[in-house]
Every structure is written in C-alpha cells, then in structure tokens.
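These are the residues of each chain, in order.
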Amino acid sequence: MKADGAGTKSALNSEDPLSDTGSRMHGLEIESDDDDGDGDGDMSNPAEVFRMYSLQHEVAVARHRTYILHMNASVTSNPRVAVALSDQSCAIYDVTQLSKVETLCGHKGTVVNVRFSPGDESLVYSASSDGTIKLWDLRIGNQSAKEFKDDTEDSEKLKPLSDFDIAADGRFICGGTELIHDDAFLLFWDIRSTNLLGGYWESHTDDITQVCFHPTKPDTLASGSTDGLMNIFDISKACEEDALQLSLNTESSVRKLVESCFIVDAHQTNTLGEVLLLTTAGRGECLRTLAVNKNKLKPLSSLAGNKQIVRTSWYDRNSELLLTGGEGGLLSLWKPSTHSETDLGTNLKVNCYEVQTLSTALLPEALK
C-alpha cells in the first residue's frame, strides 16, 4: 500500500475464486410460478413464502426520535449487538433479552459503522464522519481506549470517513472516505499501535460507501463506491496498482434505491453460495427475505408486524435469528416460526428491477 502523505455488499465466499464473483451475480432469474404482475407492488404467490418470522422482543433505543443506522453482533454463544445511532452515539445490547449493556459516546459526527473485534467480544470499534475510528473496551465502560485518525497533513481537518472494517486476524483496520479534492481514500491502520500505515487513492473517484475484509482471508479487501466501481484488493502487495485484483464497473452507484422496494441488507447462509436478502417496501409494512442461489431469486420468508422503515439488520446463520433496526428507533428480534403460515397479509414484491440491480446494490455488503 502507499504511504499516505496526501490521502454493497460483495458475495465473496471463502471457497469461491475471486474471478467468479462478478459473473455469478448476473443473469438472475425469479423462481416463481406467477408471472402475472399488476404493478401494485406485489407479485408473489403466498405459497411461495416458505415460513413466517415472529417478533420475539422489541425495544426502543431512546425516548426521543433516534434512527438505528448500523449494527454488528459478536460471534459468541451469548451474542451482543452494537448499534450505531443517529445521535452520534452507539449502544450495546444483549441479543437474547435486548437489554442494554452500555452506551458509547464521544464522536462529533455521524457514526458510519460499528463493529466488534473479530477476536474479543469486549472490544468494539466505531467510525465517524468526524474522521476518527474509536476503540471501546466494554470492561472499562464508556471510555475510548484508542483512536485512529489520519492527521498526517492537517490535524485540524481530518478526512471524513464513510465506512470501515477490521481484518479477520484483527491486525489491520481499513477506513474509506468521502471524496476529498477529487480523491477518495482507503486508509490503513495498525491496530496495535494506531499508526497510519498508508492508503490507496487512485482506485475510486467518488465517495466510498463500502469497505469489507474477507471473513477468512485477512489480505483480501473489497470496496464499493458511488462511482459505480466494486474493487477487490490483495493488501499484501507493495503498491495500489499491484494490489488491485479485480474491478467491476456496475455503471451505477453502489447501493441503490429500487422504485418502492428497498434492499436493506445481504447475509450469507449456511448453504454454500446462497445469499439471504432482507427487503422492505412502503413505510416498512412489507418486510420479507429472499434467497439468491444458483442464479435463482426466490421468496423465502415473511416478517409480519414490522413497525418501521428498516435501515440495518443482523442475521445468525445457525439459529436463523434476525435483528432489525431502523428509523423508528426500534431494535427488533425475529425468530423463525416452527410451522408454515398461509395468511401472509401483503405479499412480496419481486420484480425485474430488483434482479437487475442485485449486483450493484448488494455485492459489496454480503462479504461482511
């Protein structure tokens, strides 16, 4: 990587070759027996939705109106979830009871993402548009243990961050920035020392929206941007030109609103090559999951009783628990029902516009 003196989700499976990533996301077909759509926002047959989700617990994260912007959970037997809120704070909850464990305050800008350390559930990282990434040690409460920032040029004006991620081995952090004087930066820090190691700034030409390390390969990094590019890097290489392994031009901004349907998140399941999509429509009254597998898109489940526009989610592929958060400030825990339901209320909208934009809107996100 370069020394920095100046500065959607990717469905990479740990067993899939990088060169196959882009081609697998094109040419998706809707797996449906009902091809007659009336354009009213719903085209699926109720029998195509295999199971219902029921709402187990729900809590409001604040008394005043506060959005839940991002979330991430620890991978343990008793998981905790960290949520980034629109009031520039973060909160930690126990997943099973949704009881609050800690509130983290200290950022002076919008929190753009939050993550647990890959190797220690007591450590939480949060990044903000104020240009800093903070490390919080939950054992000592609401106190930042370390701070990562790029102050190599002007300590009074830090580069505003737009996303970040932590390498699988816990050694490095990468933060993506907004466009700054015609450059968008991927910045790298050593977690042990907080030293800025360097950066890339020639691969994107607009705000970086997604930064995702591979879940098992710590040297593999994917990035997405509003310039329409999704790039995959091998950060073990000495320079940015050599590090760039693959660049996919979607010819559209990565992360895209699709008519009245919005694709909230993408999650990998325990089925090899399958991606679970969480989608919503309207004001959140229609919340569904879809499965993408072998170039097929099919309805999977319904989440009845949602009360908000969902902005973020977390999915446990083993228990199939689903956590959602959104503009109503509600943290909701969903559990799959043990029996099939036939009365689905409003059905799932699946249309060609969603299929056409899956590779642009989702490819970088599913890597997380």
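The paragraphs below set out a description of the structure included in this document. (Residues numbered from 1 in each chain as written. Predicted model: local features only at pLDDT ≥ 70, side-chain atom pairs only at ≥ 80, totals over all residues. Heavy atoms only, no water.)

### Things to note about the pattern of salt bridges
Tallied over the entire structure, the rule returns nine salt bridges. The partner of Lys159 in a salt bridge is Asp150, and the shortest N-O contact between them spans 2.5 Å. Asp150 gets classed as buried once you look at its relative accessible area, which sits at 4%. The salt bridge partner of Arg192 is Asp190, with a shortest N-O separation of 3.2 Å. Given the relative accessible area of 12%, Asp190 is considered buried. Overlapping salt bridges bring together Asp120, Asp137 and Arg139 as one network. (Salt bridge = Lys/Arg side-chain N within 4 Å of Asp/Glu carboxyl O. Buried < 20%, exposed > 50% of the residue type's maximum accessible area, 1.4 Å probe, protein only.)

### Re the nonpolar core
Tyr125, Ile133, Phe148, Phe164, Ile173 and Trp189 are the most contacted members of the largest nonpolar core, which totals 17 residues. Of all the secondary-structure elements, those providing two or more residues to this core are β8 (120–128), β9 (132–137), β11 (161–166) and β13 (186–190). Counting 16 residues, the second-largest nonpolar core is a separate cluster that includes Met71, Val95, Leu331 and Leu333. (Core = buried A, V, L, I, M, F, W, Y, C linked by side-chain atoms within 4.5 Å. Helix = DSSP H or I, 4+ residues; strand = E, 2+ residues; numbered from the N terminus.)

### Some points on the packing of aromatic side chains
By convention here, two paired aromatic rings are described through the distance between centres and the angle between planes. A complete count under the given rule lists four aromatic pairs for this structure. Between Phe185 and Trp201, the aromatic rings sit 5.9 Å apart at their centres with planes inclined by 45 degrees, giving tilted as the arrangement. Linking Phe185 in the loop between β12 (172–177) and β13 with Trp201 in the loop between β14 (196–200) and β15 (208–213), this pair joins segments that are 16 residues apart in sequence. The buried category is assigned to Phe185, whose relative accessible area is 3%. Centroid distance Tyr200 to Phe233: 5.0 Å. Interplanar angle 35 degrees. Geometry classified as tilted. With Tyr200 in strand β14 and Phe233 in strand β17 (residues 229–234), this residue pair connects regions lying 33 residues apart in the sequence. This pair shows no difference in class: Tyr200 is buried, exactly as Phe233 is. One aromatic cluster is present, formed by Phe188, Tyr200 and Phe233 through successive ring pairs. Cation over ring: Lys159 sits above Phe185, and NZ or CZ is 5.1 Å from the ring centre. (Phe/Tyr/Trp six-rings, centres within 6.5 Å; stacked < 30°, edge-to-face > 60°. Lys NZ or Arg CZ within 6 Å of the ring centre and 35° of its normal.)

### Observations regarding the sheet that holds β14
Strands sit in the order β11-β12-β13-β14 across an open sheet of four strands; the sheet is antiparallel. Two strands lie at the open edges of the sheet, namely β11 and β14, each paired on one side alone. Taken pair by pair, the neighbouring strands of this sheet meet at an average axis angle of 20 degrees, ignoring direction. Here β11 pairs with β12 via five bridges, running antiparallel. What sits directly across from Asp163, in β12, is Gly176. (Pairing = 2+ DSSP bridges. Axes fitted to C-alpha atoms, helices over the stretch in contact; angles between N-to-C directions.)

Without other data, these values stay purely geometric and don't point to any function.
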